[in-house]
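What follows is each chain in one-letter form.
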Amino acid sequence: MPPTSSADVVTRELRGKVLLVTIDHAPVNALSADVRRGLLAAIEAADADHAAEAVLIVGAGRNFIAGADIREFGKPPVPPSLPDVCNRIEACTKPVIAAIHGAALGGGLEVALAAHYRLAVEGAKLGLPEVQLGLLPGAGGTQRTPRLIGAQAALDLILSGRHIGAKEALALGLIDRMGESGDALAEGLAYVHELLAVHAPVRRTRDATALSDRAASLAAAAKAREETAKKSRGLFSPLKIVEAVEAAIEQPFDEGLKLERKLFLQCIDSPQRAGLIHAFFAEREVLKAPETRDAKPRALDSIGVVGGGTMGAGIAVAVLDAGLPVTMIERDDASLARGRAHVEKVYDGLIAKGRLTAEKKAAILARWSGSTSYDALAHADLVIEAVFEDLGVKKAVFAELDRVCKPGAVLATNTSYLDIDAIAASISRAADVIGLHFFSPANIMKLLEVVVPRQVSADVVATAFELAKKLRKTPVRAGVCDGFIGNRLLAVYRAAADAMMEDGASPYQIDAAVRAFGFPMGPFRVIDLAGGDIGWATRKRRAATRNPNARYVQIADRLCERGWFGQKTGRGFYLYPEGSRSGVPDPEVEAIIDAERQRAGVTPRNFTDEEIMRRYMAALVNEGANVVHEGIALRPLDVDVTLLYGYGFPRYRGGPMKYADMVGLPAILADIREFAKEDPLFWQASPLLVDLVARGADFASLNQAG
Ligand code: 3HC
Ligand code: NAI
């Protein structure tokens, strides 16, 4: 990238009486040091230039300003700071107007709030999303926003981080005017001239009075504090946000700014900021699989789904929600009717919640068609198979697809574990076959593993990424192996949990420790939710091929033999009295575990929660290193995104590989070697982990390699 200077990225031009200041810093006009310097210089120039009577700030390209430059966080600060720039804008002696199109987010909105008047056009996105990065608005946003729109509205905006449109911003008083056309420059210039014509004064947000009802403002803050403490479990920045807004209510502006700065720097220093910002960039990096650079996606105008069970129906809903038509194939009329009913149930749920009308549902379902004949797929651009998890059944389905589908149709399987190379090799068009591994519920879960078999052509992979975009899913490229990325790791960390359970930790302690770490629930609750029978069937299928020397904990099998499959049967690892969904510990399960320990000759010992998490994470990280080492995952960040989007890994920890980097790889490796003393077969250090530690490197060093 050629070096830039502040003059390149912030241009100034006197248009009559108006100093037009344009931020032109692709891709999103982030507030890098050069942009900050340029803005400061522009305001200095405006104050010094007699010919300039007002300043208009606009953004070039698709956005006003996307915010602070996220890549700078964690590096030594370069002056001028953004709060100083905002204060200088606000102090300008001539009216400063911001004309917003596209994103005015974070520091971008803070620049606009420091201006004296604000206009936004249709399509503008305004917001203070810092909380999603583990931060708080750090350039006056926590002080100016409540003064402008009141404590409650400001807290809602800052704590949710949501983006709002120009209309809502106008209604809230965040902007003064909505431009009629989409042209921010033209609208902005017209607005400035209007303001100049009426000699509109400089009007500083720091003096705005929306907090004048102090009691109501404090009550709003108290309510937000209470709700935040409940909702934002484990998160650092939300309560700091409330604290900063309380300061806006109770303290003079400059004091509030000082506190905001202090709290902002605390957030910057927190590991949560590092985790969340890693997640922000990782979820963008996963989109850049090699095939998406080199190949063009095929058409995606009509989609087929084979199977209308849990996954087929969920996938059909995801496709319908993206506005595409879907054709569902089932094996007989009754199954097809069930498939259709599964789809309808999702929309009926929305109607019951008042989020959809019956007319809208009918319009959506008009794009659904069903058949028991594969011939109905003759014109489909892409077909996703979601029938039983059985290689023979899947191959038979693919033989039918091979027979009926048009040339060039993409043929995808939603298999969880099976060998997609074998499926591809069984038909005449292996280059068109790919894995599209959705997660349940498929219309909700964001992750889509794009599983790339050996013979697939690049444009089929590119088409899978395009489909993910249309379905608003986060795609991660994975290679073919048993379980791909996600389920392969899941099997290993569950095995670690099983071993700890047999060695003396109760499933309830393990679940509590995992939840305290930040997962929404622990592994045993997850099994109860998904149904213990699913894993049981897999274990039975694999019994013959399992390494006889590998430790095999039988506790889950004992529960399944009793028909205790979890929530749906009223008991599993937990008891669910009278259909309750929360579940309570079950003494009978504890007795079964005791008996199993005895049978296995284990003398139970105590585990601390900390040790539980060290083992759980070491297992996860080690297998993550293996999938990167084998090329199943392109980079460590692909493992991170898989766990974040498909398995409830706490986003504020960035993913298991980022977590490992933060803990330090030598510590993880030392743990694995320690645990290997008890079970050397399970705890084999990944060659990649060993190599990185030997070189003093970390997983991050591999993230550029995709
Ligand atoms: N800093 C640095 N890079 C940024 C950035 C930022 N604030 N925002 C986006 N980018 C980069 C992306 O990483 C991506 O880079 P790549 O092409 O190398 O992958 C590129 O810009 C384009 O981004 P998107 O792919 O996300 O583009 P979209 O058009 O889909 O979305 C957007 C644009 C809505 C602006 C979206 O990028 C976004 O939400 N950005 C982050 C906004 C944000 O969180 N701002 C607050 C920052 S914190 C802050 O301001 C602190 C302050 O209070 C002091
Ligand atoms: P399911 O049992 O709920 O549904 C399977 C459906 O396929 C049934 O409706 C059945 O009638 C239909 N079917 C079977 N043979 C057929 C054929 N020859 N032609 C047409 N339809 C046929 O199963 P589920 O859970 O939906 O799983 C489907 C696939 O998705 C499996 O490969 C599974 O491993 C995978 N998967 C499952 C996940 C889950 O959480 N349930 C998650 C991700 C993938």
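Residues numbered from 1 in each chain as written. Chains lettered and ligands numbered in written order. Predicted model: local features only at pLDDT ≥ 70, side-chain atom pairs only at ≥ 80, totals over all residues. Heavy atoms only, no water.

## Some remarks on the site of ligand 2
Part 1 of the reasoning: Taken together, 24 residues surround ligand 2, and among them M311, E330, E389, K394 and S416 come closest.
Part 2 of the reasoning: E330 places a side-chain nitrogen or oxygen 2.5 Å from an oxygen atom of ligand 2.
Part 3 of the reasoning: V387 has a polar backbone atom sitting 3.3 Å from an oxygen atom of ligand 2.
Part 4 of the reasoning: Summarising the interface, the protein chains cover 78% of the accessible area of ligand 2, which totals 830 Å² for the free molecule. (Near = heavy atom within 4 Å. Polar contact = N/O pair within 3.5 Å; in protein donor to acceptor, adjacent residues only side chain to side chain. Areas by Shrake-Rupley, 256 points an atom, 1.4 Å probe, with all protein chains shown as cover.)

## Details of the nonpolar core
Nonpolar side chains in soluble globular proteins tend to end up buried together.
Part 1 of the reasoning: The biggest cluster of nonpolar side chains holds 94 residues, and the ones touching the most others in it are L401, F573 and F699.
Part 2 of the reasoning: Looking at this core, the element that brings in the most residues is helix α26 (residues 609-629), giving eleven residues.
Part 3 of the reasoning: Residue-level mapping places this core at the junction of two domains, with at least three residues from each of domain 2 (300-482) and domain 3 (487-705).
Part 4 of the reasoning: Apart from the residues within four sequence positions on either side, L401 is in contact with V306, Y374, L377, V383, L411 and R429. (Core = buried A, V, L, I, M, F, W, Y, C linked by side-chain atoms within 4.5 Å. Buried < 20%, exposed > 50% of the residue type's maximum accessible area, 1.4 Å probe, protein only. Helix = DSSP H or I, 4+ residues; strand = E, 2+ residues; numbered from the N terminus. Domains from an automatic or database assignment. Contact = heavy atoms within 4.5 Å.)

## Some details on the pattern of salt bridges
Side chains bearing opposite charge may pair, as long as their charged atoms lie close to each other.
Part 1 of the reasoning: Under the counting rule described, the total for this entry stands at 53 salt bridges.
Part 2 of the reasoning: In this structure, R542 and D482 form a salt bridge, with 2.9 Å as the shortest nitrogen-oxygen distance. Of this pair, R542 sits in helix α23 (residues 532-542) while D482 sits in the loop between β17 (474-479) and α20 (486-503); the two residues are 60 residues apart in sequence, bridging distant segments of the chain.
Part 3 of the reasoning: Look at R542 and you get partly exposed, because its relative accessible area is 28%.
Part 4 of the reasoning: One salt bridge in this structure joins E561 and R558, with 3.0 Å as the shortest N-O distance. (Salt bridge = Lys/Arg side-chain N within 4 Å of Asp/Glu carboxyl O.)

## Here we look at the UniProt feature "domain: 3-hydroxyacyl-CoA dehydrogenase NAD binding" (unreviewed entry) in the protein
Part 1 of the reasoning: UniProt tags residues 303-478 as "domain: 3-hydroxyacyl-CoA dehydrogenase NAD binding" (unreviewed entry).
Part 2 of the reasoning: Segment residues 303-478 splits into 41% helix and 20% strand. End C-alpha atoms: 22 Å apart. (UniProt positions renumbered as here; feature names shortened; annotations may be inferred.)

## Details of the site of ligand 1
Part 1 of the reasoning: Taken together, 27 residues form the shell around ligand 1, and within it G107, E110, E130, R284 and K288 come nearest.
Part 2 of the reasoning: In the model, an oxygen atom of ligand 1 is placed 3.2 Å from a nitrogen or oxygen of the R62 side chain.
Part 3 of the reasoning: Within the side chain of E130, a nitrogen or oxygen atom sits 2.5 Å from an oxygen atom of ligand 1.
Part 4 of the reasoning: Per element, the largest residue contribution to the shell around ligand 1 is three residues, and it comes from helix α12 (residues 271-285).
Part 5 of the reasoning: Residues of the shell around ligand 1, tallied by class, amount to 15 nonpolar, four polar and eight charged. (Nonpolar A, V, L, I, M, F, W, Y, C, P; charged D, E, K, R; others polar.)

## A short note on the sheet that holds strand β4 (residues 96-100)
Part 1 of the reasoning: If you walk across this open sheet you meet the six strands as β1-β2-β3-β4-β6-β9, and the pairing is mixed. A strand with exactly one partner marks an edge of an open sheet, and here the two such strands are β1 (10-15) and β9 (177-179). Each strand of the sheet is rotated relative to its neighbour by a mean of 25 degrees, with strand direction disregarded.
Part 2 of the reasoning: In this structure, strand β6 (residues 117-121) lies alongside β9, joined through three bridges in parallel fashion. Its bridge partner lying in β9, V121 is registered against G179. (Pairing = 2+ DSSP bridges. Axes fitted to C-alpha atoms, helices over the stretch in contact; angles between N-to-C directions.)

## Let's talk about unusual backbone geometry
Part 1 of the reasoning: The step from P79 to P80 runs through a cis peptide bond, and the omega angle for that step is -5 degrees.
Part 2 of the reasoning: Tracing the chain through its elements places P80 in the loop between β3 (54-59) and α3 (82-91).
Part 3 of the reasoning: Here the residue pair S440 and P441 is connected by a cis peptide bond, since its omega of -5 degrees sits within 30 degrees of zero.
Part 4 of the reasoning: Residue placement: P441 occurs in the loop between β15 (433-437) and β16 (447-452).
Part 5 of the reasoning: Non-glycine residue F484 carries a positive phi angle of around 55 degrees.
Part 6 of the reasoning: Given the relative accessible area of 0%, F484 is considered buried.

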